[in-house]
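Here is how the chains run, residue by residue.
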Amino acid sequence: MQQSQPQVLYTPEQRAKRDATRWTMVQGVLAPVQFLVFLVSLYLVLSSLKTGENTDWALASVVVKTLVLYAIMITGCIWEKVVFDKYLFAHAFFWEDVVSMWVMALHTAYLWVWWQGSWSATEQLWLALTAYITYGINAAQYIRKLRMARLQKPQHSLVNVSAQVSA
């Protein structure tokens, strides 16, 4: 029985672009910052829903989380353009980008209802939790891809190994 080949995320040219661009470092810094902001906000949101206290802090934390999300999405689009020559929906990250659109839509909806003030604080916090669930799914997708990229051997080293074996 033949095993299927693992998905190749980057061509050698794309890997070189990824490694050379400053946007890779920007993403590498923003991702853990966003995750930390998410954890703090998640704690505040859940605590507020449970106790009814510090609701203003919880609501504001979702705004901060959303602004950090916008920053990572904009810089991520630039990174994707540099590496894959597409701002969004490059083949290697298509499904991550699809889920990212849902994440952005829910966070943006939160900003809208927060700004309008037409929903109760509790309803806003439940919307935030919905956005956070999609963010969690999306974060897991990107962590999986990061792991895949680390496990993927650069193509040129595979060619060198093949050449050495056949010699």
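Analysis parameters
Residues numbered from 1 in each chain as written. Predicted model: local features only at pLDDT ≥ 70, side-chain atom pairs only at ≥ 80, totals over all residues. Heavy atoms only, no water. Patch = residues over 30% accessible without salt bridge, like charges linked within 9 Å, V, L, I, M, F, W, Y side chains within 5 Å. Areas by Shrake-Rupley, 256 points an atom, 1.4 Å probe, with all protein chains shown as cover. Salt bridge = Lys/Arg side-chain N within 4 Å of Asp/Glu carboxyl O. Helix = DSSP H or I, 4+ residues; strand = E, 2+ residues; numbered from the N terminus. Buried < 20%, exposed > 50% of the residue type's maximum accessible area, 1.4 Å probe, protein only. 1 Å grid on protein atoms, 1.4 Å probe; cavity = no way out; pocket = protein on both sides within 12 Å on 5 of 7 lines; lining within 4 Å. Points joined across faces, edges and corners; volume = space filled by probe spheres on them. Nonpolar A, V, L, I, M, F, W, Y, C, P; charged D, E, K, R; others polar. Core = buried A, V, L, I, M, F, W, Y, C linked by side-chain atoms within 4.5 Å. Contact = heavy atoms within 4.5 Å.

Peer 1: Quick question: what am I supposed to make of a nonpolar patch on the surface here?
Peer 2: The grouping of Met25, Val29 and Val33 at the surface amounts to a nonpolar patch, some 280 Å² of accessible area in total. Checked against the element boundaries, Met25 lands in helix 2 (residues 22-51). Given a relative accessible area of 59%, Met25 falls into the exposed group.

Peer 1: Help me out: how do you make sense of the pattern of salt bridges in this one?
Peer 2: Two side chains bearing opposite charge may form a pair once their charged atoms approach each other closely. Applying the stated criterion to the full structure yields four salt bridges. With its nearest N and O atoms 2.7 Å apart, the salt bridge here joins Arg18 to Asp19. Given a relative accessible area of 52%, Asp19 falls into the exposed group.

Peer 1: What's the story with the layout of surface pockets in this structure? I'm lost.
Peer 2: If a probe as big as a water molecule is rolled over the atoms, it shows which places are left empty. For the largest pocket, the calculated volume is near 930 Å³. The wall of the largest pocket is formed by 31 residues, among which Gln27, Ala31, Ile72, Tyr142 and Leu146 lie closest to the centre. For the lining of the largest pocket, the elements supplying multiple residues, two or more each, are helix 2, helix 3 (55-84), helix 4 (94-116) and helix 5 (121-151). Take the lining of the largest pocket: its biggest share by element is nine residues, from helix 5. Here the lining of the largest pocket is composed, by residue class, of 19 nonpolar, seven polar and five charged.

Peer 1: For this particular structure, what's the right way to read the nonpolar core?
Peer 2: Looking at soluble globular proteins, one finds that nonpolar side chains tend to be buried together. Of all hydrophobic cores here, the largest spans 26 residues; its most connected members are Val45, Val62, Leu69 and Tyr110. Listed by contribution, the elements that provide at least two residues to this core are helix 2, helix 3, helix 4 and helix 5. Top element by residues in this core is helix 5. It accounts for eight residues. Each residue touching Val62, except ones within four places of it in the same chain, is listed here: Ser41, Val45, Tyr110, Ala128 and Tyr132.

Peer 1: Please explain the side chain of Ser100 as it appears in this structure.
Peer 2: Along the chain, Ser100 turns up in helix 4. If we ignore the near neighbours within four places in the chain, the residues touching Ser100 are Met73, Asn138 and Tyr142.

Peer 1: Mind showing me how you'd approach the environment of Val26 here?
Peer 2: Assignment of secondary structure puts Val26 in helix 2. Distance in space between the C-alpha atoms of Val26 and Thr75 is 7.4 Å, their sequence separation being 49 residues.

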